[in-house]
Amino acid sequence: MDVDEAGTGLIGAIDLGGTKILSLVVDMLGEVHGVDVRPTEAHRGPDAVLRRMVESLTAALVEAGRGMKLEAVGVAAPGPIDFEQGTVVEAPNLPGWSNVPVVELIADMVGCPAILENDANAAAWGEFTLGAGRGSRHLVYLTVSTGIGGGLVLDGRLYRGANGAAGEIGHIPLVEDGPRCGCGARGCLEALASGTAIARRAREALATGAAPILARLAGDEPVTARTVYEAAVQGDAAAQAIMDEAGRHLGRGLTAVVNVFNPDHIVLGGGVMKSGEMLLRPALAEVQARALRLARDHVQIALASLGDRSGALGAAMLARELVVRAVHVTEEET
Ligand SMILES: [Zn+2]
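Given the structure is predicted, the values throughout are model-derived calculations rather than measurements.

(A) Seen up close, the packing of aromatic side chains. Counted by the stated rule, this structure contains 1 aromatic pair. Measuring from ring centre to ring centre gives 5.0 Å for W125 and F128, while their planes differ by 40°; the resulting arrangement is tilted. Of the two residues, W125 and F128 both sit in helix α4 (residues 119–130), 3 residues apart, roughly one turn of that helix. The same class applies to W125 as to F128, namely buried.

(B) Focus on the environment of R281. Mapping R281 onto the fold places it in helix α10 (residues 277–290). For R281, a relative accessible area of 55% translates into the label exposed. Sequence-wise, R281 and G247 are 34 residues apart; in three dimensions their C-alpha atoms are separated by 7.4 Å.

(C) Geometry of empty space enclosed by the protein. Per the stated rule, a full pass over the model turns up 1 cavity of 30 Å³ or more. Estimates place the volume of the largest cavity at around 40 Å³. What lines the largest cavity is simply I81, F83, E117, N118, N121, R160 and G164. Of the residues belonging to the lining of the largest cavity, the class tally is 2 nonpolar, 3 polar and 2 charged.

(D) Quick look at the sheet that holds strand β12 (residues 265–269). Spatially, the 5 strands line up as an open sheet ordered β11-β10-β9-β12-β13, and their pairing is mixed. One side of each edge strand has no neighbouring strand; the edge strands of this open sheet are β11 (157–159) and β13 (300–303). Each strand axis lies, on average, 25° off the axis of its neighbour in the sheet, ignoring direction. Here strand β9 (residues 139–144) pairs with β12 via 5 bridges, running parallel.

(E) Focus on the confidence of the model for the chain. When pLDDT is averaged along the chain, the result is 93, and 96% of the positions lie at 70 or above. A low-confidence stretch, residues 1–6 stays under pLDDT 50, and its non-local contacts, those more than four residues away or across chains, total 13 contacts.

(F) Region of interest: the domain arrangement of the chain. Along its sequence, the chain is organised into domain 1 (3–119 + 309–333) and domain 2 (132–305). Computed over C-alpha atoms, the centres of domain 1 and domain 2 are 28 Å apart.

(G) Structural view of the packing of helix α8 (residues 225–233) against helix α9 (residues 237–261). For the pair α8 and α9, the least separation of the axes is 7 Å and the interaxial angle reads 120°. Judged by the inter-axis angle, α8 sits oblique to α9. Regarding α8 and α9, the two cross each other, and that crossing is left-handed. Every residue of α9 that contacts α8 at V228, Y229, A231 and A232 is listed here: A239, Q240, I242 and M243. In terms of residue class, the contact of α8 with α9 is made up of 7 nonpolar, 1 polar and no charged.

(H) Region of the structure containing the side chain of D236. Examined against the element boundaries, D236 turns out to sit in the loop between α8 and α9. Despite its burial, D236 remains without a salt bridge, the nearest opposite charge being carried by R216 at 7.8 Å. Polar side-chain contacts of D236 include one of 3.0 Å to the backbone nitrogen of I213. Filtering out sequence-adjacent residues up to four positions away, D236 remains in contact with A210, A211, P212, I213, L214 and A231.

(I) Structural detail: the packing of helix α2 (residues 46–64) against helix α3 (residues 102–110). For the pair α2 and α3, the least separation of the axes is 11 Å and the interaxial angle reads 45°. Taken together, the axes of α2 and α3 lie oblique to each other. In the crossing of α2 with α3, the sense of the turn from one axis to the other is right-handed. On α3, the residues that touch L50, M53, V54 and L57 of α2 are L105, I106, M109 and V110. Tallied by class, the residues present in the contact of α2 with α3 amount to 8 nonpolar, no polar and no charged.

(J) Quick look at the coordination of the zinc ion. Only H171 (ND1), C181 (SG), C183 (SG) and C188 (SG) from the protein reach the zinc ion as donors, at distances of 2.0 to 2.3 Å. One can describe the donor arrangement at the zinc ion as tetrahedral, given that its 4 donor atoms subtend angles of 101 to 124° at the metal. Mapping the donors of the zinc ion onto the primary sequence yields the spacing H-x9-C-x1-C-x4-C.

(K) Fine view of unusual backbone geometry. One non-glycine residue, N99, lies in positive phi territory at about 50°. Mapped onto the elements, N99 comes out in strand β7 (residues 98–100). Phi is positive for D155, close to 55°, though the residue is something other than glycine. On the accessibility criterion, D155 (46% relative accessible area) is partly exposed.

Calculation rules
Residues numbered from 1 in each chain as written. Predicted model: local features only at pLDDT ≥ 70, side-chain atom pairs only at ≥ 80, totals over all residues. Heavy atoms only, no water. Phe/Tyr/Trp six-rings, centres within 6.5 Å; stacked < 30°, edge-to-face > 60°. Helix = DSSP H or I, 4+ residues; strand = E, 2+ residues; numbered from the N terminus. Buried < 20%, exposed > 50% of the residue type's maximum accessible area, 1.4 Å probe, protein only. 1 Å grid on protein atoms, 1.4 Å probe; cavity = no way out; pocket = protein on both sides within 12 Å on 5 of 7 lines; lining within 4 Å. Points joined across faces, edges and corners; volume = space filled by probe spheres on them. Nonpolar A, V, L, I, M, F, W, Y, C, P; charged D, E, K, R; others polar. Pairing = 2+ DSSP bridges. Axes fitted to C-alpha atoms, helices over the stretch in contact; angles between N-to-C directions. pLDDT = per-residue confidence, 0-100. Contact = heavy atoms within 4.5 Å. Domains from an automatic or database assignment. Parallel < 35°, antiparallel > 145°, perpendicular 65-115°, else oblique. Left-handed = near helix turned anticlockwise from the far one by under 90°. Lys, Arg positive; Asp, Glu negative; His and termini not counted. Salt bridge = Lys/Arg side-chain N within 4 Å of Asp/Glu carboxyl O. Polar contact = N/O pair within 3.5 Å; in protein donor to acceptor, adjacent residues only side chain to side chain. Donors = N, O, S within 2.8 Å, 3.2 Å for Na, K, Ca; no water. Tetrahedral: all angles 85-135°; square planar, octahedral: opposite > 155°, others 65-115°.

Written as structure tokens, this is what we have:
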């Protein structure tokens, strides 16, 4: 799309997380002109959080420094959403968020059209349009953090499934009678390769006294995937084995993705992927060994390039579609 097609206005984006709100103001090409980050203060409930979201977006718009209004706003929110209705169905880390009509409320408060998307889908769209998946047509995005989320872009379009529940790659079942997953099942990819899973394996190793460097680094603090990574870098064999095991599980999940979707790109984001090669190498080895050749030889597997902005940028680029569509409708009418 060129700039003329959609005008030269600004698009707002709000990435709502359990702990922080990230707002961006971008132009039609996705160039960032204003940023605001503030704590969500989720305990204050949906009404207060919605006001904070608008305050945050307003601050980002002030930073953008133009006395003009936003053309559209995109909101990325955790948990299941109803895309058609524009509601957050429920959000695990946001108390009181049950069937909140975010699109209606934000559009009212900001005074422009709004769109709502699940955060992993938004991040997939962000990486597809502006990040590591640029030029792709069939992209699968995975975020590996405390959990494992996913988003699918198939044939150039975000694929949401029959009722918005598609892309839950973290819940591919891998191990019968494996560790309990947040979803209630056992042995899901998320229960084996997420930050939570890595930390759980680390606690098991610490309990046996098998990880001296990890024990020293963790001290009295609860062990995290980050600590396991650092211990592995410093040569802790148990920590290295935990990371390697998580990477191989991740690779088996990716193998399923490669075989089912035949994507041209898989993009891996989320905090745990900051461990980079340590997870990526065993994961890629699994894909190489297990995936079907035709699909395997075509796919590029890369780390996300937009960092913690992929969700907000994706939401902005989805909101841009509202503006482009409106321009087209107007042209048809005249
Ligand atoms: Zn699960």
